[in-house]
Every structure is written in C-alpha cells, then in structure tokens.
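In case you want the letters, here they are:
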Amino acid sequence: MTTTALSPAVLTDPTEPTDPARLTAPDRLTAPDRLTDPARLTDPELHATGDPHGLWAWMRTHAPVHRHPATDLPAFWSLTRHEDIREVYRDAAAFSSRHGVLLRKAALGDDPGGGLTLALTDAPRHKQLRSLMADWFNTRAVRGLEGPVRAATRTVLGRALEQGTCDVVHDIAGRLSLSVICHILGVPERDHEALYRWTNEAFEAHTSLVAHPRIVEYFEELLLQRMERPTGDLLSALVNGTVDGELLTEEEVVLNCENLIGATENGRLALIGGVQAFLEHPDQWQRLSEDRGLMPGAIEEVLRWTSSATHSMRVATRPYEIRGRQLAAGDRVVLWLPSANRDEEVFADPYRFDITRSPNRHIALAAGEHFCIGSTLARAEMRVLFSELLDGVRGIEQAGPVRRLHSIHVNGAESLPVRLTPA
Ligand code: HEM
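Residues numbered from 1 in each chain as written. Predicted model: local features only at pLDDT ≥ 70, side-chain atom pairs only at ≥ 80, totals over all residues. Heavy atoms only, no water.

1. Remarks on the pairing of strand β2 (residues 76-79)
(1) Moving on: What you see with β2 is no split at all: F76 and S78 on one side and W77 and L79 on the other are buried throughout.
(2) Moving on: Both strand β1 (residues 65-68) and β2 contribute to a ladder of 4 bridges, which runs antiparallel. Bridged to R67 within β2 is W77. (Buried < 20%, exposed > 50% of the residue type's maximum accessible area, 1.4 Å probe, protein only. Helix = DSSP H or I, 4+ residues; strand = E, 2+ residues; numbered from the N terminus. Pairing = 2+ DSSP bridges.)

Spelled out as structure tokens, the structure:
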C-alpha cells in the first residue's frame, strides 16, 4: 500500500508513546488539562484527537489502580496493566457483568440489557445462553461461512473499485461486517441495506441499538415469523431455545440480536484499523504480500494494535485487593484494553507494529468466560479482506483526512477515505 500525507488529526498519532520526560511529574495529577490527569480518559475528545496512549503509559507506571470520583459518570476504578486486567476478566465470580460492561452516565442507570443479553449475564445463566449461540460462531461454522464472507467481500470491493475513491469505513468494512452477522441471524438479504442504515444512525448518535425504534420493530416482526416457521438460523435458535428449561422472552431475543449486531462494531473497526495500520506501515504490507504464511500473525498484530474495544467494565461482587488497593463490593472497575496491549512488561517494543511479533499475548478480544464469541469470525473477516486486497487491488492510497471516533467505548476511524487501483 502507498500512503499520502496524513491529516493534522493523524499527525498527533495516538499510537506513539508520549515522551516519558513529559510524563513523570506526579503533581501533574492535579492539573486537569495535562496529559497525566486520569480524568481525561472519560473525555471522548482525548480518544478522537489526543493521546490516550501517553496517559495510559503514565498510569501503568504511576497509577495502575486508580480511583475516579463520581462525576456525571459514577465513581470507578481504572486498571491499565495487562496482568491486572487479565486477572479481573478471569474471575467472573468476583467481577460481575450483569450491571453493564460499559461506563454510562449515572442518570441513565444500569444497562437495560443487564441480566438479559449474553454479554450482560453472569454464571450460570451466561453459560447456558452462550451454548445456545456457540454453534453459530465456532470454527466449523465459520469455515462454512468463508464462502459467503468472500462473496460479500468481493461485492463491496468490486463496488469500491468502480468508485475509485471510497471510504473504508462505510463502503467496505461497515457493509461487510453487517452483512455477515445478518446472514448468521437470518436477516433476508433485501433488508440488509435498511438495517445497515439504522445501525449506522445508532452508532453515529452513540446510542444503543435499543434506542432505535426501527431496529426493535424489525426484530420483533422477524421473531414472530421465526416462531411460526423456524429456519436454520441463529434467530430461530434463540426463539426456540431454552435457558433453565424456559423459552427466552421476546425482549431477551430482541436484545440479544441487537447485542450481536452492536458487537460487530468492533469487527468493523478491526478491519478499518487493519487497513489503516498497513497504510501507515507499507513495509509490513509488502512483507505480507511476499509471504501469505504471515497472515495469522498479521491478524493478531492488527487486533493488538487497533484494540478497538477501548474498555470493559465489571462490578465487584465482594471486597477485592489489587496492588494493595482495596476495592469494595459494588465498586465499578474499568479495564482499558489498548493500555493492556501496549504494556511494556508483556510486549517487547510495544509501540512497533510488527506482523511477525511472537509471542503476542494481546487481550483485545477479552479473556475468561466472556471471551469474545465472535473472535473466529472476526479473524476470518480480516483474513478474507486482506487477501482479497492483496489479490485484487494494486494500490491503496489515503485520499483524505482520517477522522477518529469521539467515544470512550470503541476507538478507530469514523472516516478513512482511500483511492483504490485495480490489480
Ligand atoms: C464479528 C465480529 C464480532 C462479534 C459478532 C462479536 C460478538 C461478541 C459477543 C456476543 C460478546 C459477548 C460474549 C460473552 O459475554 O460471552 C463479545 C465480547 C467481546 N468482544 Fe466481540 N465480537 C466481534 C468482534 C470483536 C472484535 C474485533 C473485538 C476487538 C478487537 C471484540 C472484542 C470483544 C470484547 C473485549 C468482549 C468482552 C466484552 C465484555 O464482556 O466486557 N469483539 N463479542
């Protein structure tokens, strides 16, 4: 890939570590506008135009278990080290998911999907719900999906090549990841476009999909059809499957469909982040084009590098000690994943994008019981997109400024214009 000059927003590359000399004075903690003020982590502007990696690097050293007082957000602890974050993920009995896994304003209360969707349930219900869905996401199922994923990729790339200049976010990655999850759920092809539009509206407004009445209505109608006439899709399995010997309620089915569609935002951001990383590191793209055997490692490095899920939240179910700090039952704990994936205690030269990195113990897809159920699918989508780009496209150039998302939940480009030249 070749790349043109980057926009000013990208010139302050948030993936570059900030000069440590600027980051060592603890008194900066009291200066709210400084790089070392952990409160800034909750400011979407920092993630869109600033340098969260500089702040995370400082926190890993100076404040790895940091208490944030309540603001419009409830009080919470920040964890920034790989080891601590992994420990919390792996102890689902001590750290619950049922009150929500993302920070939200206190006035909004707990997440409406709490106790109902896969991501927001605890054992034993979580395990039963997960086994209802697992068959659609395991290695065998994803192998079976490779054909449709390749066909969808060729369709979006073919259109993008005809246009010449396109936006990787909307014209390629967004359409691809949505059409694959729709295929799994059993959404008829004629409705993909509408669902894509509504999903984008919700993502752009940074509201949950539940807030979009058309999406709710759509799945309510589709689930009635599947109740009458089940087919072999995931929606039919949700409609007819049981947890604790009981059918799921309509609300649970709809919320779980939305949860799955919402979760693909991470999938699309990983695809976009991969294209962007290769645009910025053409030597790595060259290596991959010369040796396709490097693909699995390249995908892991893209996942680590982009870490598109910015945080996961948990609520402590009992008192818990981490690095000498006492967490009380009921305390919220926020796990900053991009920080874990740049932890210098785990990764050699963590700010280098290296597709041959080994070992690569990233936790971009979480760990423990709530390990991403879409992980195999997300990797397959990346593998197919990157190999189709290598085969069918001679050059990709950046064709305009990159705009990054204003969000503390997910991170990556919200617009990445490129010019494609056919092979
Ligand atoms: C095809 C795309 C994807 C789908 C369908 C998907 C779906 C899901 C679902 C349903 C869960 C909840 C699992 C559970 O609680 O048992 C989950 C968890 C998670 N996924 Fe994915 N995912 C996708 C891609 C990704 C990608 C690319 C990333 C990051 C790079 C990611 C990061 C995560 C994380 C961090 C969690 C843990 C959330 C938590 O419990 O706090 N996902 N995913």
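That was the structure; now back to the text.
2. With respect to the confidence of the model for the chain
(1) Moving on: The pLDDT averaged across the chain works out to 90; a share of 92% of its residues lies at or above 70.
(2) Moving on: This model gives residues 2-33 a pLDDT under 50, and the stretch forms 56 contacts once residues within four places in sequence are excluded. (pLDDT = per-residue confidence, 0-100. Contact = heavy atoms within 4.5 Å.)

3. With respect to the site of the ligand
(1) Moving on: H126, R130, S312, H370 and C372 are the nearest of the 28 residues found near the ligand.
(2) Moving on: Separating an oxygen atom of the ligand from a side-chain N or O atom of R314 is a distance of 2.9 Å.
(3) Moving on: Contact distances for the ligand include 2.5 Å between an oxygen atom and a side-chain N or O atom of H370.
(4) Moving on: Of all the elements in the fold, those that place two or more residues in the shell around the ligand are α5 (125-133), α11 (250-280), β7 (311-316) and α15 (375-392).
(5) Moving on: Tallying contributions element by element places α11 first for the shell around the ligand, with 6 residues.
(6) Moving on: Residues that form the shell around the ligand fall into these classes: 17 nonpolar, 8 polar and 3 charged. (Near = heavy atom within 4 Å. Polar contact = N/O pair within 3.5 Å; in protein donor to acceptor, adjacent residues only side chain to side chain. Nonpolar A, V, L, I, M, F, W, Y, C, P; charged D, E, K, R; others polar.)

4. A short note on the pattern of salt bridges
(1) Moving on: In total, this model carries 23 salt bridges according to the counting rule given.
(2) Moving on: Here R292 ties to D391 by a salt bridge, and the two come within 2.8 Å at their closest N and O atoms. On the criterion of sequence distance, the pair formed by R292 in the loop between α12 (282-290) and α13 (295-306) and D391 in helix α15 is long-range, its members being 99 residues apart.
(3) Moving on: R292 sits in the partly exposed class, given a relative accessible area of 36%.
(4) Moving on: Look at D391 and you get partly exposed, because its relative accessible area is 46%.
(5) Moving on: Taken together, the shared-partner salt bridges in this structure form one network comprising E146, R150, R154, R383 and E388. (Salt bridge = Lys/Arg side-chain N within 4 Å of Asp/Glu carboxyl O.)

5. Points about the coordination of the iron atom of the ligand
(1) Moving on: What the protein offers the iron atom of the ligand as a donor is a single atom, C372 (SG), at 2.3 Å.
(2) Moving on: Looking at the element boundaries, C372 is found in the loop between α14 (337-340) and α15. (Donors = N, O, S within 2.8 Å, 3.2 Å for Na, K, Ca; no water.)

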